[in-house]
Amino acid sequence: GAVVSQHPSWVICKSGTSVKIECRSLDFQATTMFWYRQFPKQSLMLMATSNEGSKATYEQGVEKDKFLINHASLTLSTLTVTSAHPEDSSFYICSAHQSLFSDYGYTFGSGTRLTVV
Amino acid sequence: AQTVTQSQPEMSVQEAETVTLSCTYDTSENNYYLFWYKQPPSRQMILVIRQEAYKQQNATENRFSVNFQKAAKSFSLKISDSQLGDTAMYFCAFMIPNRDDKIIFGKGTRLHILP
């Protein structure tokens, strides 16, 4: 089945530094990638939607200059948390979607736990 | 705006029992998809079951079935013969196709299967 590889699975960084999270669709082309943030014991909150080759669409309240999303190819999307602060600590999950799938399949990455110290 | 409501934050049932998780949603659209996702302690999101709004027949996947009531905007998940491995967070979710295709999740229900 479809697989999305998300790396790193966890990362600890110092306040003020930037962190990049990668999501790769391994056996299909993801025309759309969704990025979610999940706080402990809470639901997934959609941060942004990215389509290959175009600028990401951010949800209301999400700082686009802080959370940089690049979707340069049909198999790779990246989320960069710039100038990270402790309040950015969270679990980040990507989800790849291929609109040509007849069953509207979404494949999720395994998530990245970010801790900013 | 579309919303998804899960009114049961947490539930516990004995192994082998049947449990029903409730979900209601609000939309003015006529064509949409509904999902139930499972998130075990590993935090990997796993699709449990999917329902297309235009289909009247309730979706089933082995021990998992839904009760889709379109007029009432209700989409409950029934887990039969529950197993210890069913312990997880369960999220009800909603998507409108051919628009932005983004999935909107409910707040989740934490399900504990007790031995």
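What counts, and where the lines are drawn
Residues numbered from 1 in each chain as written. Chains lettered and ligands numbered in written order. Predicted model: local features only at pLDDT ≥ 70, side-chain atom pairs only at ≥ 80, totals over all residues. Heavy atoms only, no water. Disulfide = S-S within 2.5 Å. Helix = DSSP H or I, 4+ residues; strand = E, 2+ residues; numbered from the N terminus. Buried < 20%, exposed > 50% of the residue type's maximum accessible area, 1.4 Å probe, protein only. Pairing = 2+ DSSP bridges. Axes fitted to C-alpha atoms, helices over the stretch in contact; angles between N-to-C directions. Polar contact = N/O pair within 3.5 Å; in protein donor to acceptor, adjacent residues only side chain to side chain. Patch = residues over 30% accessible without salt bridge, like charges linked within 9 Å, V, L, I, M, F, W, Y side chains within 5 Å. Areas by Shrake-Rupley, 256 points an atom, 1.4 Å probe, with all protein chains shown as cover. Salt bridge = Lys/Arg side-chain N within 4 Å of Asp/Glu carboxyl O. Contact = heavy atoms within 4.5 Å. Buried area = accessible area lost by both parts, 1.4 Å probe. Nonpolar A, V, L, I, M, F, W, Y, C, P; charged D, E, K, R; others polar. Phe/Tyr/Trp six-rings, centres within 6.5 Å; stacked < 30°, edge-to-face > 60°.

A. Structural view of the state of the cysteines. Under the criterion given, the structure shown has 2 disulfides over all chains. Bridging Cys23(B) to Cys92(B), the disulfide has an S-S length of 2.0 Å. The disulfide joining Cys23(B) to Cys92(B) has a torsion of about -70° about its S-S bond and is therefore left-handed. Taken together, the residues Cys23(B) in the loop between strand 3 (19-21) and strand 4 (24-26) and Cys92(B) in strand 10 (residues 88-95) connect sequence positions 69 residues apart. Here Cys23(B) falls in the buried class, since its relative accessible area comes to 2%. With relative accessibility at 0%, the residue Cys92(B) sits in the buried group. With no disulfide of its own, Cys13(A) lies 17 Å from the sulfur of Cys23(A), the closest cysteine sulfur. Residue classification places Cys13(A) among the buried positions, given a relative accessible area of 9%.

B. Broad picture of the sheet that holds strand 3 (residues 19-25) of chain A. All names here are of chain A. Reading across from one edge, 1-3-8-7 is the order of the 4 strands in this open sheet, with antiparallel pairing throughout. The open sheet is flanked by strand 1 (4-7) and strand 7 (67-73), the only strands paired with a single partner. Averaged over neighbouring strand pairs, the angle between their axes works out to 15° when direction is ignored. Looking at chain direction, strand 7 and strand 8 (residues 76-81) are connected through 5 bridges and run antiparallel. Paired with Ser73 across the strands is Leu76, a residue of strand 8.

C. Fine view of the side chain of Ser43(A). Tracing the chain through its elements places Ser43(A) in the loop between strand 4 (32-38) and strand 5 (44-51). Within the structure, Ser43(A) has its side chain in polar contact with the backbone oxygen of Gly106(B) (distance 2.5 Å).

D. Representation of a nonpolar patch on the surface. All names here are of chain A. Side chains of Trp10, Ile12 and Val117 sit close together on the surface and give an oily, nonpolar patch of about 370 Å² of accessible area. Along the chain, Val117 turns up in the segment after strand 11 (112-116). For Val117, a relative accessible area of 56% gives the class exposed.

E. Quick look at the interface of chain B and chain A. Chain B puts 20 residues into the contact, and the matching count from chain A is 22 residues. Both faces considered, chain B and chain A share a buried interface measuring about 1,800 Å² in area, 52% of it formed by carbon and sulfur atoms. Between chain B and chain A we count 1 salt bridge in total. Counting across the interface, chain B meets chain A through 8 residue pairs in polar contact (both at pLDDT 80 or more). For the side of chain B that touches chain A, the secondary-structure elements that each account for two or more residues are strand 5 (33-39), strand 10 and strand 11 (103-105) of chain B. A per-class count over the side of chain B that touches chain A returns 9 nonpolar, 4 polar and 7 charged.

F. Broad picture of the packing of aromatic side chains. For the structure shown, the criterion picks out 16 aromatic pairs over all chains. Look at Tyr25(B) and Phe94(B): their rings are 6.0 Å apart centre to centre, the planes differ by 35°, and that puts the pair in the tilted class. Taken together, the residues Tyr25(B) in strand 4 and Phe94(B) in strand 10 connect sequence positions 69 residues apart. For the pair shown, Tyr25(B) and Phe94(B) are each scored as buried. Centroid distance Phe91(B) to Phe105(B): 6.1 Å. Interplanar angle 80°. Geometry classified as edge-to-face. Taken together, the residues Phe91(B) in strand 10 and Phe105(B) in strand 11 connect sequence positions 14 residues apart. The buried category is assigned to Phe91(B), whose relative accessible area is 0%. For Phe105(B), a relative accessible area of 10% puts it in the buried group. Joined through ring pairs, the aromatic side chains of Phe34(A), Tyr36(A), Tyr106(A), Phe108(A), Tyr33(B), Phe35(B), Tyr37(B), Phe91(B) and Phe105(B) make up one cluster.

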